[in-house]
Amino acid sequence: MNTMPSSSSESEIEFEQDCVMPVRSSNPIRARSLIRNNLEKSAASSSPQQQQPLLQSRMPNIKVFSGSSHPDLASRIVDRLGIDLGKVVTKKFSNLETCVEIGESVRGEDVYIVQSGSGEINDNLMEMLIMINACKIASASRVTAVIPCFPYARQDKKDKDYVPDLYTSRAPISAKLVANMLSVAGADHIITMDLHASQIQGFFDIPVDNLYAEPAVLKWIRENIAEWRNSIIVSPDAGGAKRVTSIADRLNVEFALIHKERKKANEVASMVLVGDVKDRVAILVDDMADTCGTICHAADKLVEAGATRVYAILTHGIFSGPAISRINNACFEAVVVTNTIPQDGHMKDCPKIQCIDVSMMFAEAVRRTHNGESVSYLFSNVPY
C-alpha cells in the first residue's frame, strides 16, 4: 500500500536539494563560497525570524590574528567582518627574542595575520614571520599576511647615489629580501595597500593584492573640500605623476607636478613647479611621508605660485624625526593620512593631521578572498 510522505520528510528532501554542492571540489575556498551561496539562497526563502542564524554562518573556517604593531586596525577589521579576533600572545625574552603563542586551533582554517610595517619595524617584521610560521606548522589551510604598510618598500632597486668618480652600486634590494622571508615563513597570500613601487608584487611567487587608497581619498576630497571643483592635484615628485593623473581624471580637474633637482645626495638644490596653480586649491598627493621635508618644501612652492590653500593627502603617514614640527610650521590647511599606520599620537601632537579609516577596505578584501570572490571592485570603490 502506497502512503504519502509526511510534511517533515518533504522538508528534509527540499533542504537536501537546496544544499547540494560538489563536496569533492579540489578548491576548498571555492567550496566555502558555494556553501555561502546556498546559505544566502536558503535565507532568502525563509522567514525574517529564521534568517539571522543562517547569515551568521557565512564565514566559517576563518581566523584573524593581530600582531602588536596595529591592534586597533585589526579590531576594526574583525568588527566589520562580524567575527572575534583570534587569541595570540606575543612576548619577549630577556635577550629580546620574540616569542609567539597561538591561543586557539587553526587546523584547516583560513588564517589572516594583520601586521603593519610601522613602529619598531624590525621587531614587528620578525613577529609577523614567527606568527605565519606558527600557523603554518599548526596545519592552517592557508595563511594570508595583511600588511597595510609594506616594510622596506622604498628599498626596491639598486639606486646609484651621487658619489664622484664612483658609479658602482652595492646597495641591497631589501624589499625583495622581505618578500623572500615572507614566502619562506609560509605565507600563501599577501594583502597590502599602495606599495611604494608596484614592481614589488613581482618579487613574490605567491598572489599579492595591492589595494589602493584612491577611492577613499576621492570620497574625502568631495566631502571635505568645498572648492574641490576649482582644485589642482599636485605630485611632490615626478615618480607620483601616474597617481595624481588618475585622481585628477576622476575628479575632472587639472594636475601639476614638482620636479626636484639635486646637486648631491639627500640635498634638494631646487624645486621646479610644472603647472598653473594660481588662485586654486592645491592638493598634494603622495603614497607616504617620512620626515616630511619634501612635502613641506612643495607646499611653500605652491603658495609662492599663488595657490589659495594647500592640502596634503598621504596613504602612509610615517612622520619620523622632525616631521610633526615641520607640519606644524608649514602652510597646510590639513594633512590627511590613512590609518595603515597608527595615527592617534600624531594627531594629538599636530592638529592639522586628519585620518581616513581604511579598515573597511581591508575587511572587504579579507571577506572576498575568503569566499573566493574578486577584489578588483575595491580598486575603484569604497565598500561602505
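As a reminder, the structure under discussion sits directly above these lines.
Right, let's walk through the structure included here. Since we're looking at a predicted model, the values are computed, not measured. (Residues numbered from 1 in each chain as written. Predicted model: local features only at pLDDT ≥ 70, side-chain atom pairs only at ≥ 80, totals over all residues. Heavy atoms only, no water.)

1. Examining the environment of Asn124
Selection criterion: Note on conventions: DSSP H or I runs of at least 4 residues are helices, E runs of at least 2 residues are strands, and numbering of each starts at the N terminus. Should any heavy atoms of two residues lie within 4.5 Å, those residues are considered in contact. Polar contacts, as used here, are pairs of N or O atoms within 3.5 Å; protein pairs need one atom able to donate a hydrogen and one able to accept it. Residues neighboring in sequence count only if both atoms are side-chain atoms.
Within the secondary structure layout, Asn124 lies in helix H5 (residues 121-137). Distance in space between the C-alpha atoms of Asn124 and Pro151 is 9.6 Å, their sequence separation being 27 residues. Residues contacting Asn124, with those up to four places away along its chain left out, are Ser68, Ser69, Gln115, Ser116, Ser118 and Gly119. A distance of 2.7 Å separates a polar atom in the side chain of Asn124 from the backbone oxygen of Ser118.

2. Quick notes on helix H4 (residues 71-81)
Put simply, the test is: Exposure is judged per residue with a 1.4 Å probe applied to protein chains only, and the accessible area is read against the type maximum: over 50% gives exposed, under 20% gives buried, and values in between give partly exposed. By definition, the arc is the one covered by directions from the helix axis to the C-beta atoms.
Among the residues making up H4, those that are buried are Leu73, Ala74, Ile77, Val78 and Leu81. Down the axis of H4, the smallest arc covering the buried residues is 130°, so these residues share one side. Close packing links the buried residues of H4 with strand E1 (62-66), strand E4 (110-114) and helix H12 (359-370). Following H4 by one or two positions, Gly82 adopts a phi angle in the positive range, close to 75°.

3. Concerning the pairing of strand E3 (residues 98-102)
The criterion, for reference: Any two strands are treated as partners once DSSP identifies two or more bridges connecting them.
As judged from the five bridges shared by strand E2 (residues 88-92) and E3, these two strands associate in the antiparallel manner. Across the sheet, Lys91 pairs through a bridge with Cys99, a residue of E3. Between E2 and E3, which pair antiparallel and follow one another directly, the connecting turn spans five residues, one of which, Leu96, has a positive phi of 75°.

4. Focus on the packing of helix H7 (residues 214-224) against helix H8 (residues 241-251)
For the record, the criterion: For helices, the fitted axis covers only the stretch in contact; all axes are lines through C-alpha atoms, and the angles between them, taken along N-to-C directions, range from 0 to 180 degrees. Any angle between 65 and 115 degrees counts as roughly perpendicular, while under 35 counts as roughly parallel, over 145 as roughly antiparallel, and the rest as oblique. With the far helix as reference, a near helix turned anticlockwise by less than a right angle produces a left-handed crossing, and one turned clockwise produces a right-handed crossing. Put simply, Ala, Val, Leu, Ile, Met, Phe, Trp, Tyr, Cys and Pro go in the nonpolar bin, Asp, Glu, Lys and Arg in the charged bin, and everything else, Gly too, in the polar bin.
Viewed as axis vectors pointing N to C, H7 and H8 meet at an angle of 50°, and their least axial separation amounts to 11 Å. Put simply, H7 runs oblique to H8. Considering the relative orientation of H7 and H8, their crossing is right-handed. On H8, the residues that touch Glu214, Val217, Leu218, Ile221 and Arg222 of H7 are Ser246, Ile247, Arg250 and Leu251. Looking at the contact of H7 with H8 residue by residue, the class counts come to five nonpolar, one polar and three charged.

5. Some thoughts on the packing of H5 against helix H6 (residues 174-185)
One way to put it is that H5 packs onto H6 with a least axis distance of 8 Å and a crossing angle of 25°. Compared by their axis directions, H5 and H6 come out roughly parallel. On the side of H5, the interface is formed by Leu125, Met128, Leu129, Ile132, Asn133 and Lys136, while H6 contributes Val178, Met181, Leu182 and Ala185.

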